[in-house]
Amino acid sequence: MTGDSYRAFASVYDLLMEDIPYGQYADWVREIVGPAGGRALLDIGCGTGVLSERFAKEGFRVTGIDLSGDMLAAARERFAEAGLEGTFFEQPMQAMEGHSGYDIAVIAIDSLNYVTAQEEVAAVFRHAYDALNAGGHLLFDVHSPYKMTELFMDGPFTADLDSVSYIWHTYPGEEPLSIESEISFFIRRPDGLYERQEEFHLQRSFPPDTYVRLLSEAGFRVRSVTADWTGDAPESDSERIFFHAEK
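None of these values were measured; they are calculated from a predicted model.

Asks: Is there a simple way to explain the confidence of the model for the protein in this structure?
Replies: Parts of the model with low pLDDT should not have their predicted coordinates read in detail. Mean pLDDT over the protein works out to 90, with 92% of the residues at or above the 70 mark. Every residue in residues 1-7 scores below 50 in pLDDT, and together they form 16 contacts with partners more than four places removed in sequence or on other chains.

Asks: Explanation requested: the nonpolar core in the structure shown.
Replies: If you look at the biggest cluster of nonpolar residues, it comprises 31 residues, and the most contacted ones within it are Ile44, Leu112, Phe125, Leu138, Phe140, Tyr211 and Phe220. Listing elements by their share of this core, those giving two or more residues are β1 (40-44), β4 (102-107), α5 (118-131), β5 (132-143), α7 (208-218) and β11 (240-246). Beyond its immediate sequence surroundings of up to four residues, Tyr211 is in contact with Leu112, Asn113, Val121, Phe125, Phe140, Val142, Arg204, Ser205, Phe206 and Phe243. Among the nonpolar cores identified, the runner-up in size contains 25 residues, and Val62, Leu72, Ala75 and Leu139 belong to it.

Asks: Looking at this model, I keep getting lost on the packing of aromatic side chains. Mind explaining?
Replies: One pair of aromatic rings is described through two measures. These are the centre distance and the angle between the planes. Taken as a whole, this structure holds 14 aromatic pairs when the rule is applied. Look at Tyr25 and Trp229: their rings are 5.8 Å apart centre to centre, the planes differ by 85°, and that puts the pair in the edge-to-face class. In this pair, Tyr25 is assigned in helix α2 (residues 22-33) and Trp229 in the loop between β10 (221-227) and β11, connecting sequence segments 204 residues apart. Look at Trp229 and you get partly exposed, because its relative accessible area is 33%. Ring centres of Phe79 and Phe88 lie 5.1 Å apart, and the angle between their planes is 85°; on these two criteria the pair is classed as edge-to-face. Pair check on accessibility: Phe79 and Phe88 agree, each one buried. Clustering of aromatic rings is evident, with ring pairs tying together Phe125, Phe140, Phe206, Tyr211 and Phe243. Above the face of the Tyr129 ring, Lys247 is positioned so that its terminal group lies 4.5 Å from the ring centre.

Asks: Even after reading the chapter, I still don't get the sheet that holds β11, so can you show me in this structure?
Replies: What holds strands together in a sheet is hydrogen bonding between their backbones, with the strands either parallel or antiparallel. Within the open sheet, the seven strands sit side by side as β3-β2-β1-β4-β5-β11-β10. Their pairing is mixed. Both edges of this open sheet fall to β3 (86-90) and β10, since each of them pairs with a single strand only. Strand after strand, the sheet turns through a mean of 15° between neighbouring axes, direction not considered. Direction of pairing for β10 relative to β11: antiparallel, over a ladder of six bridges. From the neighbouring strand, Val222 faces β11, where its bridge partner is Ala245. Strands in contact with α2 are β4, β5 and β11; relative to β5, the strand with the most contacts, it is inclined by about 150°.

Asks: What is the right way to read the packing of α5 against α7 from this model?
Replies: Each pair of packed helices gets described by two things: the angle between the helix axes and the distance between those axes. Relative orientation of the contacting elements α5 and α7 amounts to 45°, with a least axis distance of 9 Å. Taken as axis vectors, α5 and α7 run oblique relative to one another. Note on packing geometry: the crossing formed by α5 with α7 is right-handed. Counting all contacts with α5, which are made through Gln118, Val121, Ala122, Phe125, Arg126 and Tyr129, the residues of α7 involved are Thr210, Tyr211, Arg213, Leu214, Leu215 and Ala218. Each residue belonging to the contact of α5 with α7 can be placed in one class, and the counts come to eight nonpolar, two polar and two charged.

Asks: Looking at this structure, I do not really get the environment of Ala128. What am I missing?
Replies: Take Ala128: it is sitting in helix α5. Residue Ala128 is classed as buried on the basis of its relative accessible area of 0%. As a C-alpha pair, Ala128 and His169 span 41 residues in sequence and 33 Å in three-dimensional space. Residues contacting Ala128, with those up to four places away along its chain left out, are Ile44, Met96, Leu138 and Phe220.

Criteria and cut-off values
Residues numbered from 1 in each chain as written. Predicted model: local features only at pLDDT ≥ 70, side-chain atom pairs only at ≥ 80, totals over all residues. Heavy atoms only, no water. pLDDT = per-residue confidence, 0-100. Contact = heavy atoms within 4.5 Å. Core = buried A, V, L, I, M, F, W, Y, C linked by side-chain atoms within 4.5 Å. Buried < 20%, exposed > 50% of the residue type's maximum accessible area, 1.4 Å probe, protein only. Helix = DSSP H or I, 4+ residues; strand = E, 2+ residues; numbered from the N terminus. Phe/Tyr/Trp six-rings, centres within 6.5 Å; stacked < 30°, edge-to-face > 60°. Lys NZ or Arg CZ within 6 Å of the ring centre and 35° of its normal. Pairing = 2+ DSSP bridges. Axes fitted to C-alpha atoms, helices over the stretch in contact; angles between N-to-C directions. Parallel < 35°, antiparallel > 145°, perpendicular 65-115°, else oblique. Left-handed = near helix turned anticlockwise from the far one by under 90°. Nonpolar A, V, L, I, M, F, W, Y, C, P; charged D, E, K, R; others polar.

Here it is in structure tokens:
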């Protein structure tokens with residue numbers, strides 16, 4: 001998905017993500033890295049800055065990067081309205097550059113699944129490694145193989161909210177553990193009529209062992225691989241896999 005193709009998605013993103021447990025995610029990060037204490041945090045794939053805002057309010061010095069200028073515009077507006085300081089860059093995570101001196105890097109809410117080539121995932125890990133101080137933490141999550149091959153095939157998924165509705169069709173992608181999504185948004189205009197916009201998303205995951213190998217090749221020490229907020233190792237029917245690596 002290109003930066004421009006996020007335009008309609010960005011306008012309704014927060015409504016569609018209301019059920020994401022951002023607070024639980026922030027708790028998971030804090031349990032691993034400890035109190036903020038003014039430490040520098042790089043939010044990779046920050047989207048509209050919902051999680052970035054939480055981290056900033058806790059006392060982290062937040063920098064966000066995202067592929068979408070529309071998402072970043074929403075993030076900057078969010079920070080301004082909250083009276084928070086944050087820095088944001090429009091960059092693809094697999095080609096991010098110019099970042100260093102961070103204590104924590106986060107790639108949250110399956111953002112890494114939009115990087116669909118294994119060599120580009122490896123590039124993300126190398127750039128994150130370079131951005132972190134010695135002893136710095138990288139934390140991220142991805143869709144599990146089970147979710148990619150089973151749960152996403154249960155569609156179509158639909159929602160009818162006050163100002164937007166959508167129909168979300170998912171299909172197996174060409175590559176292993178990939179899905180193609182066709183999303184039709186119906187966005188209510190001020191005059192009460194609805195405008196239809198179409199989006200195409202491509203996501204891919206890899207087996208947990210592949211992520212572990214790529215992290216190790218980038219120089220990280222893998223501290224934990226867990227699933228579904230449990231703190232336990234992934235099982236065959238786990239849905240979301242969490243990784244903690246340290247430089």
